[in-house]
Amino acid sequence: MRRCSARAPGKVILSGEHWVVHGGRALAAAVGLYARATCTGWSGDRVVVETPLGRAAVASDGTVDGDAKAAPLGHAIRAALELGYRFMPSICSVDSEIPVGAGLGSSAATAVAVAAAYMAYAAGGPPERESVNRAAFEAEKVTHGKPSGVDNTVSTYGGFILYRRGSRPEPLNMPRLDAEVLIALSGVERRTAEAVGRFTRRLEELNNIGIGGSLASLADKITSLMLEAIARGDAATLGTLLRVSHGILNAMGVSHERLEEIVHIAERAGALGAKLTGAGMGGAAIVLCRGDGCAAVLHSLQSRGYRVLQTALGVDGVEITCEQS
Ligand code: PMV
């Protein structure tokens, strides 16, 4: 019996969150935390997706039913069928090490893993990445309403991605950075809608006093400088830019006292830089560090009770393997 598995990475936003809502650019990177899915045949007549949060089933005509949390994954399978993949009754089991509700792209990574594993199972070999990306985007639309598509694109292609609303997110060809990333969880769920509202009101205030545009240009300049720093492998400059980007997000009202504490602890312990990532007002902060410096930062954050995940930036996108038993 054939069995196909896929693992797909989560993501962090390095620069441009919120500004992207107002027409700016954002830079995101894949991180080495993974969602995994394995599909294999069974005696039933549907494709069943089983997750720790529930299950969904897809019939041969593409009808999806099941638990609300798992239904988007059923829609990824349905999209695979619409893209021309054969209907093959199977069981796809899913698990993930990506924290949920922290802005780390867990829903997209799960959808990418399921789409890739099912397509490989149904086709008998690895699918085109763009098909995986498209099927996962259909799942993201069910989860998030109007997603930008960046999370599924980062998870599919890996590396670094620059995006602007309304344009297709484009994967960038960048060298892997010689630095590690710690993801520190604030323990407070991020509040995207509230944070977007707060940021927007602050931007209007700043526009009224004549400095909103300058701040938007500065944020965009930071995105460009980060790209240049990554391209030449300059982790120290990237760290400084992360810290400045965090300062701006704080000034825009979307930080949280726990995120501030994380950034200050990380800085005191010798990190290259740290910033909140994603919508903010909770969620996670990223800390850039290198070598022994990472152990000191990790220790300081953990001793203050923070859950910290140690990972790499710009990792490869979805990986697929099939075996026959
Ligand atoms: O927290 P995340 O990763 O879902 O990112 C939200 C990014 C925002 O710019 C705040 C919102 C958006 O839709 O782009």
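Basis of the calculations
Residues numbered from 1 in each chain as written. Predicted model: local features only at pLDDT ≥ 70, side-chain atom pairs only at ≥ 80, totals over all residues. Heavy atoms only, no water. Helix = DSSP H or I, 4+ residues; strand = E, 2+ residues; numbered from the N terminus. Buried < 20%, exposed > 50% of the residue type's maximum accessible area, 1.4 Å probe, protein only. Lys, Arg positive; Asp, Glu negative; His and termini not counted. Salt bridge = Lys/Arg side-chain N within 4 Å of Asp/Glu carboxyl O. Contact = heavy atoms within 4.5 Å. Axes fitted to C-alpha atoms, helices over the stretch in contact; angles between N-to-C directions. Parallel < 35°, antiparallel > 145°, perpendicular 65-115°, else oblique. Left-handed = near helix turned anticlockwise from the far one by under 90°. Nonpolar A, V, L, I, M, F, W, Y, C, P; charged D, E, K, R; others polar. Domains from an automatic or database assignment. Buried area = accessible area lost by both parts, 1.4 Å probe. Polar contact = N/O pair within 3.5 Å; in protein donor to acceptor, adjacent residues only side chain to side chain.

Asker: Looking at this structure, how should I read the side chain of E140?
Answerer: Locating E140 in the fold gives a position in helix 3 (residues 129-144). Put simply, E140 is tucked away with no salt bridge, and the nearest opposite charge, on K11, sits 7.7 Å away. In this structure, E140 is in contact with S107, A108, G145, P147, D151 and N152, ignoring residues within four places of it in sequence.

Asker: Please explain the packing of helix 2 (residues 106-123) against helix 4 (residues 150-157) as it appears in this structure.
Answerer: Geometrically, a packed helix pair is captured by the angle between its two axes and the distance between the axes. Running from N to C, helix 2 and helix 4 point in directions that differ by 50°, and their axes come no closer than 8 Å. Put simply, helix 2 runs oblique to helix 4. Classified by chirality, the crossing of helix 4 by helix 2 is right-handed. For the pair helix 2 and helix 4, contact is made by A108, A109 and V112 and by D151, N152, S155 and T156, respectively. By residue class, the composition of the contact of helix 2 with helix 4 is 3 nonpolar, 3 polar and 1 charged.

Asker: Is there a simple way to think about the domain arrangement of the protein in this case?
Answerer: In many reports, interface size means the accessible area that the parts give up when they come together. Domains assigned within the protein are domain 1 (2-173) and domain 2 (180-312). Taking only C-alpha atoms into account, the centre of domain 1 sits 26 Å from that of domain 2. Summed over both partners, the interface of domain 1 with domain 2 comes to about 2,500 Å²; 68% of that surface belongs to carbon and sulfur atoms. Remark: the boundary between domain 1 and domain 2 carries 2 salt bridges. Residue R25 is joined to D220 by a salt bridge in which the shortest nitrogen-to-oxygen separation is 3.0 Å. Along the contact surface separating domain 1 from domain 2 lie 13 residue pairs in polar contact (both at pLDDT 80 or more). Broken down by secondary-structure element, the contributors of at least two residues to the side of domain 1 that touches domain 2 are strand 1 (2-15), strand 2 (25-41) and strand 7 (160-164). With 6 residues, strand 2 is the largest single contributor of residues to the side of domain 1 that touches domain 2.

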